[in-house]
Each structure stands twice: as C-alpha cells, then as structure tokens.
Amino acid sequence: MRITLERSNLLKSLNHVHRVVERRNTIPILSNVLLRAEGESLSMKATDLDLEITEATPAAVEQAGATTVPAHLLYEIVRKLPDGSEVLLATTPDGAAMTVASGRSKFSLQCLPEQDFPDLTAGSFSHAFSLKATDLKMLIDRTQFAISTEETRYYLNGIYFHTIESDGDLKLRAVATDGHRLARAEVQAPSGSEGMPGIIIPRKTVGEIQKLSDNAEATAKVELSDAKIRVTVGSIVLTSKLIDGTFPDYQRVIPSGNDKELRIACGAFAQAVDRVSTISSERGRAVKLALSEGQMTLTVNNPDSGSATEELAADYSADAMEIGFNAKYLLDITGQLSGEEAIFLLADAGSPTLIRDTTGEDALYVLMPMRV
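Novice: Go over the environment of Asn326 with me, naming the residues and quoting the values.
Specialist: Locating Asn326 in the fold gives a position in strand 23 (residues 321–326). Each C-alpha atom of the pair Asn326 and Lys288 lies 8.9 Å from the other, and the pair is 38 residues apart in sequence. A distance of 2.8 Å separates a polar side-chain atom of Asn326 from the backbone nitrogen of Lys328.

As structure tokens, this is what we get:
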C-alpha cells in the first residue's frame, strides 16, 4: 500500500474513528485501525466488538492495499504534524511495518495483518429512515444526562428510542432514566420508522452518534433491527450492538395530576441553585425550595460547614410548600431548557415533580424529591 493525502483530511477521519478504540485491550488487533486504500480514497475502520465506525477520505492511491496499525499512535503522530502538510503512508514489502512520512518527519509503525481484523457483521435491518442530524442530536442532548451509570441495571445504561402515537401524531421518542430523574424528548416520526422495535442504544454509542450529528446541514440515515443499529452521516458509518433488555414502563412514573404550577426565570434559578449548593456536602447535595405566593427561598444546610439561603421572585400562587431536590440534578435539567422560564408542576413534598420548557412540548423531565 502506498498513498498520499492531506493531513487535515486524515486527521479529521482519524478523529472520528480512533475514539472507539479502548486504551487498554487484551486483544492486540482491537488497538488498531484498519486502513484500506483503493480507487481514490482511504477507508478507515475501528471497533471494540460492540461498536464499529468506518469513514472514507480522499487520497492519491499509488498502490492499493490494506493493513492495520495502532490507532491512538497514528492519531497522535498525525495530530502533531504541521498544518497544511501532505502525509505519505506506505507499507514495507513484507507488510510488517508502515511508514508515515511528512516533510522531514518519518515514523515506522508495526502492522498486524488485515485478515485478523474483526468485522461487526450487521445482518439485515428491519427498518430504515432518515432524519435531520440536528433532530437526532436534539433527542440525545435533551436526554443523555439522565442515563444510569449503575451497571447492575444494564437496561438503563442507554437511551430508549421508540415510536409512539401522541395527540393523533406519530412521534419518535427518546427516554433516559436512572431512577432518580427521567428525561423525555420527541420529534415528528420520520417516514419508515412506523412499527420499529423499541431499542436501547448504549451510552458509548450515544456519545459517538452525538458527535457525528454536529453538522447542521447533514442528514442521518438510520437502519435498525432488534439487535443492531447503523447510523450513516456523510461518509461516516457507525454500526453498534444494542442493549439486550426491556426498558421499564416509564409512562407510569410521569405524574399527570400535579396541580401546583411554579414558573421561574430559568437562568436566575440555575445561578441561585449553583450558588447555595456551594455549601452542600458532595454526598447529599440537597437544596430545599420553600414556595410561597410570588416567592421562592432556596436553602442548603450542611452541619460540617454552614448554611446558605437565597430568595427569588417566582410566579406561584398555590398553597405554600417545601420540597428538596438534588442540586446537581436540578442544574442538569435547567441546562437543557431553552426558554426564558422553567415550569415546575408539583404535587407535594414526597411526589415526583414535572419540569417543562416554555418553548414547546418536545421535552419534559421528571425529578424525584429528596428529604431535607
């Protein structure tokens, strides 16, 4: 194999694929990226056996061929080469090493044969549809923070995507929960998604799809079955296994009878929570909200270091009440709201609270209270 290509193109593609490769691997070939040169392009593939990303980039191919080299090492080398330079990649006749040359710099990397590189065979997909990459990113952005990190409840270690009939419309909905909070977002269901199976996309895959969906002009093509998903954005193809489990009936925990409405300026509220929680212990991080007509008082008590209070004007006219929340969870949720105000729908101090945005119905959040 012997090819020449622009450093910027090579770096951009490596940046997408090398992230999949785990830093520590018991199987040496999984530390490598597969490079295949043919026609007028270089295609790269990396995998961790659950997730696979491939991307093609333009290249001047003098001699076609394929090999595998250490992914993180190649990425670091290319990253440190000067801007605007050309990079030559050439394997030795016996295929045991690959030269990376640019200007006066020259590196030699050990290769492993491409035949040993695993292929994440996708099988057939039962459903395929396309949607704007920004819509896909919005669904992930609004819900990702609520994914559980508790490995024992593995079926919560991802985002649940499914279609659902809502007000006579079919919606593509994303839901994540860790048992303390729940995030739900939805968009108009794209054509082709009707009847799709409900799938749980693992946390690592979610993070990679989110990064691929940055381009506002791009369209994401999604193919899926019960066991796998493939997302194609431009020249990047991501294939991943899904979490094999049943997502709980989240509809049951979304309260419907919460009749006490609180409206509060989102930015001012988030800053106040952040300020008073400075005093809280890392473990509990509980902040108490005392609500009375037209006013909210935030209080944090920490027996080890002291206390903090702050008052805010609020649009609230129901019965006075006190309720406690985890400060970090409040900040995570308010960070996702795009409107000027946050709407809290409350029942009592021991029941889940519903939080909505003023700018639309496409996302809602449920937060369990804490004892304070």
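Novice: Lay out the nonpolar core with the relevant residues and their values.
Specialist: Of all hydrophobic cores here, the largest spans 98 residues; its most connected members are Leu35, Leu42, Leu74, Leu89, Phe161, Phe269 and Leu298. Residues within four places of Leu35 in sequence aside, it is in contact with Met1, Leu42, Ser43, Met44, Gly65, Ala66, Thr67, Val69, Leu74, Leu89 and Met98. By size, the runner-up hydrophobic cluster in this structure holds 15 residues, among which are Tyr160, Ile200, Ile343 and Leu354.

Novice: I'd like a rundown of the sheet that holds strand 7 (residues 86–91), residues and numbers included.
Specialist: Strand order in the open sheet made by the five strands is 5-1-7-8-9, with antiparallel pairing throughout. Edge positions in the sheet fall to strand 5 (60–63) and strand 9 (105–110), since each of these pairs with one other strand and no more. Strand-to-strand twist across the sheet, computed as the mean angle between neighbouring axes with direction ignored, equals 15°. In terms of strand pairing, strand 1 (residues 2–6) meets strand 5 through three bridges, oriented antiparallel. Counted as the bridge partner of Arg2 is Gln63 from strand 5. Of the strands in this sheet, strand 1 and strand 7 touch helix 1 (residues 7–18), which is tilted by about 95° from strand 1.

Definitions and cut-offs
- Residues numbered from 1 in each chain as written.
- Predicted model: local features only at pLDDT ≥ 70, side-chain atom pairs only at ≥ 80, totals over all residues.
- Heavy atoms only, no water.
- Helix = DSSP H or I, 4+ residues; strand = E, 2+ residues; numbered from the N terminus.
- Polar contact = N/O pair within 3.5 Å; in protein donor to acceptor, adjacent residues only side chain to side chain.
- Core = buried A, V, L, I, M, F, W, Y, C linked by side-chain atoms within 4.5 Å.
- Buried < 20%, exposed > 50% of the residue type's maximum accessible area, 1.4 Å probe, protein only.
- Contact = heavy atoms within 4.5 Å.
- Pairing = 2+ DSSP bridges.
- Axes fitted to C-alpha atoms, helices over the stretch in contact; angles between N-to-C directions.

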